[in-house]
Amino acid sequence: MTLRAQWWITLGRMEAFPCPELGECGVLTDVSQTSDPAVADPVRERARTFDHLDPAQAATIHETLARFRKSCPVAHSEAHGGMFVVTRFDDLRHVAKHGETFSSAAEVGAVVVAPETGEVIAPLFEQDLDEHAGWRRHLQPFFTPPAAAAHEDYIRRVARQVVAVLAPRGQADLVPELCAKIPPLVIASLLGLPEEQRPTLAALVHGLAAAGNARTAEAIGREYTEFLLAHIRSRRGKTGSDVLTSVVNSEINGRLASDHELLKFAFLLIAAGNLTTTDQLASILLELAQRPDLRRRVVADPGLIPQLVEESVRHESAVAATGRTVVRETELAGVPLRPGDRMLLTWGSGNRDEDHFPDGDEFRLGRPRRPHLGWGAGAHRCLGLHVARVELRVICEEFLSAIPEFTLPEGFVPERTYGVIRGVKALPVTWPV
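As annotated in an unreviewed UniProt entry, the protein carries the name Linalool 8-monooxygenase and is attributed to Amycolatopsis deserti.

Enquirer: Whenever I open this one, the overall build of the protein confuses me. Can you help?
Expert: Scanning the protein from N- to C-terminus turns up 19 helices and eleven strands. Evaluated residue by residue, the protein yields a buried proportion of 56% over its 433 residues. Intrachain contacts of the protein at a sequence separation of at least 6 include 73% that bridge at least 24 residues. By element, 53% of the accessible surface of the protein is carried by carbon and sulfur atoms, the whole surface being about 18100 Å².

Enquirer: When you look at the packing of helix 12 (residues 198–210) against helix 13 (residues 214–235) in this model, what are you seeing that I'm missing?
Expert: Two numbers describe a pair of packed helices, the interaxial angle and the distance between the axes. Axis separation between helix 12 and helix 13 bottoms out at 9 Å; the angle between their running directions is 150°. The orientation of helix 12 relative to helix 13 falls into the category roughly antiparallel. For the pair helix 12 and helix 13, the sense of crossing is left-handed. Between helix 12 and helix 13, the residues in contact are T200, L201, L204, V205, G207 and L208 and A217, I220, G221, E223, Y224, F227 and L228, respectively. The class makeup of the residues in the contact of helix 12 with helix 13 is nine nonpolar, three polar and one charged.

Enquirer: I keep staring at unusual backbone geometry and nothing clicks. Help me out?
Expert: Generally, phi is negative for residues other than glycine and the peptide bonds are trans, each holding for most cases. Of note in the backbone geometry, L124 takes a positive phi value of approximately 70° without being a glycine. Inspection of the secondary structure puts L124 in the loop between helix 6 (110–113) and helix 7 (129–139). Since its relative accessible area comes to 5%, L124 is described here as buried. If you check the backbone angles, L129 has positive phi at about 55° while not being a glycine. Tracing the sequence through the fold places L129 in helix 7.

Enquirer: In this structure, what is going on with the nonpolar core? I would like to understand it.
Expert: One broad trend across soluble globular proteins is that nonpolar side chains are buried collectively. Grouped together as the largest cluster of nonpolar side chains are 88 residues, with contacts concentrated most on L139 and L178. Among the elements that take part in this core, helix 15 (residues 259–290) stands out by supplying 14 residues, more than any other. Look past the residues within four positions of L178 in its chain and what remains in contact with it is V162, V163, L166, L285, I395 and F399. With 18 residues, the next largest nonpolar core counts V335, L337, W347 and L373 among its residues.

Enquirer: Would you explain the sheet that holds strand 8 (residues 342–346) in this entry?
Expert: As a general point, the strands of a sheet are linked pairwise by backbone hydrogen bonds and lie either parallel or antiparallel. The strand order across the open sheet formed by five strands is 1-2-8-5-3, and the pairing between neighbours is mixed. In this open sheet, the two strands that pair with only one neighbour each are strand 1 (74–77) and strand 3 (102–103). The pairing of strand 2 (residues 83–86) with strand 8 spans three bridges and is classified as parallel. If you follow V86 over to strand 8, its bridge partner there is L345. Contacts between helix 5 (residues 89–97) and the sheet are confined to strand 1, strand 2, strand 3, strand 5 (321–326) and strand 8, with strand 8 contributing the most and set at about 125° to the helix.

Enquirer: Help me understand the confidence of the model for the protein, please; the structure alone is not making it clear to me.
Expert: Any segment with low pLDDT has predicted coordinates that should not be analysed in fine detail. Considering every residue of the protein, the mean pLDDT works out to 89; 89% of them sit at 70 or more. Every residue in residues 106–111 is under pLDDT 50, and counting partners more than four places away or in other chains gives 29 contacts.

Enquirer: Hey, could you run me through the side chain of E310 in this one?
Expert: If you trace the backbone, E310 turns up in helix 17 (residues 305–315). For E310, a relative accessible area of 17% puts it in the buried group. Within the structure, E310 has its side chain in polar contact with the side chain of H372 (distance 2.9 Å).

Enquirer: Before we go on, may I ask you to explain the side chain of T64 in this structure?
Expert: Checked against the element boundaries, T64 lands in helix 4 (residues 61–71). A relative accessible area of 3% means that T64 is categorised as buried. Setting aside chain neighbours within four positions, we find T64 in contact with R46, F50 and Q57.

Enquirer: When you look at the pairing of strand 1 in this model, what are you seeing that I'm missing?
Expert: On any regular strand, side chains alternate: one points to one face of the sheet, the next to the other face. The two faces of strand 1 match: V74 and H76 on one face and A75 and S77 on the other face are all buried. Both strand 1 and strand 2 contribute to a ladder of four bridges, which runs antiparallel. Pairing of A75 across the sheet is with V85, part of strand 2. Two successive antiparallel strands, strand 1 and strand 2, enclose a turn made up of five residues, where H80 displays a positive phi of approximately 60°.

Enquirer: Please explain the pattern of salt bridges as it appears in this structure.
Expert: Should their charged atoms come close, side chains of opposite charge can pair. Applying the stated rule across the entire model yields 31 salt bridges. As a salt-bridge pair, R422 and E316 come within 2.9 Å of each other at their nearest N and O atoms. On the criterion of sequence distance, the pair formed by R422 in the loop between strand 9 (416–417) and strand 10 (423–424) and E316 in the loop between helix 17 and strand 5 is long-range, its members being 106 residues apart. Considered together, R422 and E316 belong to a single accessibility category, that of buried residues. Look at the salt bridges and you will find they share partners, linking E152, R156, R160, R393, E397 and E398 into a network.

Enquirer: What am I meant to see in helix 12 here?
Expert: Think of an α-helix as turning once every 3.6 residues; residues three or four places apart then point the same way. Between the first and last C-alpha of helix 12 there are 18 Å, a value that for 13 residues agrees with the 18 Å anticipated at 1.5 Å per step. Taken together, the buried positions of helix 12 are occupied by R198, L201, A202, L204, V205 and L208. For helix 12, the buried positions fall inside an angular range of 160° around the axis, keeping them on one side.

Definitions and cut-offs
Residues numbered from 1 in each chain as written. Predicted model: local features only at pLDDT ≥ 70, side-chain atom pairs only at ≥ 80, totals over all residues. Heavy atoms only, no water. Helix = DSSP H or I, 4+ residues; strand = E, 2+ residues; numbered from the N terminus. Buried < 20%, exposed > 50% of the residue type's maximum accessible area, 1.4 Å probe, protein only. Contact = heavy atoms within 4.5 Å. Areas by Shrake-Rupley, 256 points an atom, 1.4 Å probe, with all protein chains shown as cover. Axes fitted to C-alpha atoms, helices over the stretch in contact; angles between N-to-C directions. Parallel < 35°, antiparallel > 145°, perpendicular 65-115°, else oblique. Left-handed = near helix turned anticlockwise from the far one by under 90°. Nonpolar A, V, L, I, M, F, W, Y, C, P; charged D, E, K, R; others polar. Core = buried A, V, L, I, M, F, W, Y, C linked by side-chain atoms within 4.5 Å. Pairing = 2+ DSSP bridges. pLDDT = per-residue confidence, 0-100. Polar contact = N/O pair within 3.5 Å; in protein donor to acceptor, adjacent residues only side chain to side chain. Salt bridge = Lys/Arg side-chain N within 4 Å of Asp/Glu carboxyl O. Expected span 1.5 Å × (residues − 1). Arc of directions from axis to C-beta.

Below is the structure:
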């Protein structure tokens, strides 16, 4: 598991629990009937050892999850103390819409950055039902379509600055030099950080993501923690129209949030607004680099960019897998579940479910509009989706306007990531100057 994934979100809050022998779809079976390797079901065996945080999964994840959808849509894995891997569209949506049965409380990466928040429930992100609804209602005005549109001028200005530096060079790795540069500045703006301090936040975010060992991550994490805490504490008793000042000073669900609750909230909001947008943009640009015909079509008609963005969110969902914890006895797709069981919701798999998207493996503009799971579902559906849509659209517009032609190196094979998020490790391209 990379530090990049670790500091955002992991599976669940429950401790590991003993796992009985389970059949291919998580149903109890007679051990004597399944212990013979000669007769073991290969899909069940594959599910038993499935670990979404294993980097080796990335290259074949869609094929793996397609097998699960067909043979064991709620598959049991022994990884991470045991979890049920949910792969079909309808089951994913059912879990997401029933917070009274499937809790979103999860052990989040903020504990890696700031151990003192380890037992803190992050407002909004780890809450369910009424508590979650109270925070959602309070934050909603900051994330409406008109509120998102208000950020367009700043996003365009930053995107033009970044692209203007790249364009004369004729080459770049677009992941660190474009995709990762803009999102942390945008989320810093949303939080209300003064413009001169936004690069500091971006540098801390990038440093933590790139930390190669625990000691480095701890040092950067402490600096990051102190930076955010200083902003939180400086907002107490102040007025302002930004997200951070509002949540610091408002009684939500009848009380003010503590510093550590706000710290964990800020960590997750920054991660949600940064890592996912970075990886989604990389997936969009990779698709365009691999398909010159598609790129030329979009360059000729920039009005297609919103479709391009939405199809990418469906086809290669940046939020690949998140967790839930079962809080009361139930069953899903015939699989009995008990309190404490943990669920892994594989959103990208649901977006390729053959029952909803018969050609779901294909990236296709002009696909008939129908609900997908790229923005999640239920009460926890992505709050910032309108901001993300504006951000992805504007960056694509600015990049394609300045650099309409770009190619990958001959023989280049992109290396995908998978885990909590789905992205591209590197995207080296060249273009005529």
